[in-house]
Amino acid sequence: MGRIAYVDGRYLPHQQAAVRVEDRGFQFADGVYEVIAVRRGRPVDEDDHLDRLDRSLRELRMPWPMSRRALRLVMRETIRRNHLGAFGALYLQVTRGAAPRSHAFPATAKQTVVMTARPLSLPTAESLGCGIGVVTVADIRWKRCDVKSVSLLATVLGKQVAVEAGCYEAWMVDEQGLITEGTASNAWIVTAGGELVTRRADTAILNGITRMATIGIARAAGLRFVERPFSVAEAKGAAEAFITSTTSMIRPVIRIDGVAVGSGRPGGTTVRLVDWYLDHVEAEGRTV
Ligand code: PDD
């Protein structure tokens, strides 16, 4: 069964789906996006994703292209038409629309809305639990990383460094030598004292929905948790490290720049968080 894309009011076979050549998303990266996990046809943490979309749109001074209720219906229909089965991901993008190329906002352009969806194999405790390697790269992004904009060139370059190093992810490092986040995930460590650490969600990072869910899970489990930056050296010397994101969920980091983290095997706290996070996704897949 072929994939179906939603583009500006129409559901089209993927191959035929297109946007205009002067779309501002294409020419200026003038747009925002969300990636939402889908369990049993239901978007995971949907309200949190739509709240973040609302924030991204507001920060770029873009209105909603349709009501929140209408957007939810289009999401449901895109999911339905793509037969995601047990698990998948929904991609949603809103741009300022197509207009003759000129930097300032166009007076009249109609916003472009695109949605695609694809099935993914359902992550399990085993598949998530095997550790990953990360490399560190300089964080060369702009100063509004809290906005989920489609301007992703710096993270594209960073991820490629990771791939070429045989690693799963690159952790970006600011001018103070502190880790901001991964190219497509948030960065965490667990200290020798068992405290969970992740950077505060300011303008230097994207406030991940998985990050927020993990904070909630950690709090409910009574784990000690603090929001503060950590250096590359601290991460390499930490007891455990892990990443969080919608599609990667929670994955233990066992090597940073080739240096083993802790025992060099997935840490106990991280493995427990993986289990609890999978429970959370299961619960979201049962919501009505
Ligand atoms: N990436 N930080 C960055 C820079 C990201 O791009 C992402 C998500 C995250 C984690 O956010 P969340 O938990 O809401 O997925 C953090 C998505 C998945 C992507 O670009 O594909």
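The text that follows walks through the structure, step by step, so that each part is easy to find. (Residues numbered from 1 in each chain as written. Predicted model: local features only at pLDDT ≥ 70, side-chain atom pairs only at ≥ 80, totals over all residues. Heavy atoms only, no water.)

**A look at the packing of aromatic side chains**
Geometrically, a pair of aromatic rings is defined through the distance of the ring centres and the angle of the planes. Inspection of every chain in the model, using the stated rule, returns five aromatic pairs. Following the ring pairs from residue to residue traces out a cluster consisting of W188, F225 and F242. One residue, R81, lies across the ring of Y11, its end atom 4.2 Å from the ring centre. For the cation-ring pair, K159 lies above Y168, with the distance from its terminal atom to the ring centre recorded as 5.5 Å. (Phe/Tyr/Trp six-rings, centres within 6.5 Å; stacked < 30°, edge-to-face > 60°. Lys NZ or Arg CZ within 6 Å of the ring centre and 35° of its normal.)

**Describing the site of the ligand**
Contacts to the ligand come from 18 residues, most closely from Y33, E181, I209, T210 and T246. Interatomic distance of 2.6 Å between a side-chain N/O atom of E181 and a nitrogen atom of the ligand. With respect to the ligand, the side chain of T246 contributes an N or O atom lying 2.6 Å from an oxygen atom. Contact with the protein chains hides 89% of the accessible area of the ligand, taken as 470 Å² for the molecule alone. Taken together, the elements giving at least two residues each to the shell around the ligand come down to strand 3 (31–39), strand 9 (179–182), helix 6 (209–220) and strand 13 (240–245). Within the shell around the ligand, the residues separate by chemical class into five nonpolar, nine polar and four charged. (Near = heavy atom within 4 Å. Polar contact = N/O pair within 3.5 Å; in protein donor to acceptor, adjacent residues only side chain to side chain. Areas by Shrake-Rupley, 256 points an atom, 1.4 Å probe, with all protein chains shown as cover. Helix = DSSP H or I, 4+ residues; strand = E, 2+ residues; numbered from the N terminus. Nonpolar A, V, L, I, M, F, W, Y, C, P; charged D, E, K, R; others polar.)

**Description of the pattern of salt bridges**
Two side chains carrying opposite charge are able to pair once their charged atoms lie near each other. Counted by the stated rule, this structure contains 25 salt bridges. One salt bridge in this structure joins D54 and R58, with 3.1 Å as the shortest N-O distance. Residue D54 and its partner R58 are located together in helix 2 (residues 46–59), separated by four residues, close to a single helical turn. When its relative accessible area of 22% is taken as the criterion, D54 is described as partly exposed. Look at the salt bridges and you will find they share partners, linking E46, D47, D51, R68, R72 and R76 into a network. (Salt bridge = Lys/Arg side-chain N within 4 Å of Asp/Glu carboxyl O. Buried < 20%, exposed > 50% of the residue type's maximum accessible area, 1.4 Å probe, protein only.)

**Section: the environment of H83**
Tracing the sequence through the fold places H83 in the loop between helix 3 (68–81) and strand 5 (87–95). C-alpha separation for the pair H83 and P119, spaced 36 residues apart in sequence, amounts to 7.5 Å.

**Considering the nonpolar core**
Residues V32, L53, L71, M75, L90, L92 and M115 are the most contacted members of the largest nonpolar core, which totals 22 residues. Residue assignment for this core shows that the elements contributing at least two residues are strand 3, helix 2, helix 3, strand 5 and strand 6 (112–119). It is helix 3 that contributes the most residues to this core, four residues altogether. With residues up to four places along the chain from it excluded, the contact list for M115 reads A5, Y6, L71, V74, M75, T78, L90, Y91 and L92. Within the second largest apolar cluster, 21 residues are counted, among which are A37, I217, I250 and V274. (Core = buried A, V, L, I, M, F, W, Y, C linked by side-chain atoms within 4.5 Å. Contact = heavy atoms within 4.5 Å.)

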